[in-house]
Amino acid sequence: EVGTLSRALSQLVDRLHDALEREQAFTRHASHELRTPLGVIRNSLAVLRLPNCSAEKQARGLERIEQASGEMETLVQLFLYLGREEERMPSQAVALRPLLDACMHKYTDYLASKALRVDLAIDPQLLICAPPSALQVLVSNLMGNALVHGSDYLHLQAGPDHLQLVNGLDPGIDIHSGFGYGLGIVQRLCTHCGWRLTITRELARFVARVEFS
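Fair warning: this is a prediction, and the values are worked out from it, not measured in the lab. In this convention, every chain numbers its residues from 1, walking through the sequence in written order. In view of the model being predicted, local features appear only for residues whose pLDDT reaches at least 70, and side-chain atom pairs are presented and counted only at 80 or more, with totals across whole chains, interfaces and linings using the full set of residues. Working from all heavy atoms in the structure, the side-chain values ignore hydrogens and water.

**Student:** I tried to follow the nonpolar core on my own but got confused; where do I start?
**Tutor:** Proteins that are soluble and globular tend to have nonpolar side chains buried together. Remark: nonpolar core denotes a set of buried residues (Ala, Val, Leu, Ile, Met, Phe, Trp, Tyr, Cys) joined through side-chain atoms within 4.5 Å. Using a 1.4 Å probe on the protein chains alone, a residue whose accessible area is under 20% of its type maximum counts as buried, one over 50% counts as exposed, and one in between counts as partly exposed. Counting residues in each nonpolar core, the largest one holds 49 residues, and the members touching the most others are Leu96, Leu135, Leu138, Leu142 and Met143. Leucine 142 has contacts with Leu163, Leu165, Leu183, Val186, Ala208 and Val210, leaving out every residue within four places of it along the chain. Any pair of residues with heavy atoms lying within 4.5 Å of one another is described as a contacting pair.

**Student:** Help me out: how do you make sense of the packing of aromatic side chains in this one?
**Tutor:** Any two aromatic rings considered together are summarised by their centre-to-centre distance and by the angle between their planes. The criterion for an aromatic pair is that two Phe, Tyr or Trp rings (for Trp, the six-membered ring) have centres within 6.5 Å, with stacked assigned to planes under 30 degrees apart, edge-to-face to planes over 60 apart and tilted to the rest. According to the stated counting rule, one finds one aromatic pair in the structure shown. Look at tryptophan 195 and phenylalanine 212: their rings are 5.0 Å apart centre to centre, the planes differ by 90°, and that puts the pair in the edge-to-face class. In this pair, tryptophan 195 is assigned in the loop between helix H6 (181-193) and strand S6 (196-201) and phenylalanine 212 in the segment after strand S7 (205-211), connecting sequence segments 17 residues apart. Helix and strand definitions here come from DSSP, where helices need a minimum of 4 consecutive H or I residues and strands a minimum of 2 consecutive E residues; each element is numbered from the N-terminal end.

**Student:** Help me understand the pattern of salt bridges in this model?
**Tutor:** Basic side-chain nitrogens of Lys or Arg form a salt bridge, by our definition, when they fall within 4 Å of a carboxyl oxygen of Asp or Glu. Scanning all chains against the criterion turns up four salt bridges. In this structure, aspartate 101 engages arginine 97 in a salt bridge whose closest nitrogen and oxygen atoms are separated by 2.9 Å. Of this pair, aspartate 101 and arginine 97 both sit in helix H3 (residues 96-106), four residues apart, which is roughly one turn of that helix. Note that glutamate 211 is salt-bridged to arginine 209, the shortest N-O span being 3.4 Å. Overall, the relative accessible area of 23% leaves glutamate 211 in the partly exposed class.

**Student:** What is the right way to read the environment of leucine 135 from this model?
**Tutor:** Mapped onto the fold, leucine 135 is located in helix H5 (residues 132-149). Given a relative accessible area of 0%, leucine 135 falls into the buried group. Taking the C-alpha atoms as reference points, leucine 135 and leucine 96, separated by 39 residues in sequence, lie 8.4 Å from one another.

**Student:** Is there a simple way to explain the sheet that holds strand S4 (residues 151-159) in this structure?
**Tutor:** Remark on secondary structure: sheet strands pair via backbone hydrogen bonds, oriented parallel or antiparallel. What makes two strands pair is DSSP finding at least two bridges between them. Taken together, the five strands give an open sheet; going across it, the order is S2-S4-S5-S7-S6, and neighbouring strands pair in mixed fashion. Every other strand in the sheet has two partners, leaving strand S2 (116-121) and S6 as the edge strands with one partner each. Adjacent strand axes in the sheet meet at a mean angle of 10° when their direction is disregarded. Taken together, the six bridges between S6 and S7 define a ladder with antiparallel strand orientation. By the bridge assignment for S7, arginine 196 is matched with glutamate 211. Lying over the sheet, H3 contacts S2, S4 and strand S5 (162-168), oriented at roughly 165° with respect to S2. Axis definition: a line fitted to C-alpha atoms, limited for helices to the stretch in contact. Angles are taken between N-to-C directions and run from 0 to 180 degrees.

Here it is, written out as structure tokens:
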């Protein structure tokens, strides 16, 4: 009986520890991910408050606020799923190219100031069987990581069962320093969805590959 009680208490401690880790991850990752859309909303509101804001800028500002609000809703729903033990998100066929194009549009201003050649070798008809919100956040983080930290080029290649990003690295960058919470979120998503994530850091390039099956 003492042994049974000891095992039960040990299992309870493990479950409480796992729950605490999920809660901490939710707080850490949600704050990281929500920072960008909140910034977009704040900046758009600042433009809308300008006394001579044109109708075109008003329409663009409202569009950006709507997009950022939708992104925040997706993120909150996703992290709530990740915080629930043993609950899995439903999968469906998702077109990959529109997610990549939306991410490129999101970084338009940033790319204009950075000489980075982007090659999207992705069939517009390609479908990935995945939870839509999980795939959206996966793409956003991998693309954001490559565009912000990469140099010279970004090459994307994908099939029904995988997505691979290869970007150049500045020779002066510390390839062992890590790239922040973005890749941590990607790893957590892959673990939750049963995907395999492989990260390769080399002297002059960074490779991220996700296998969906």
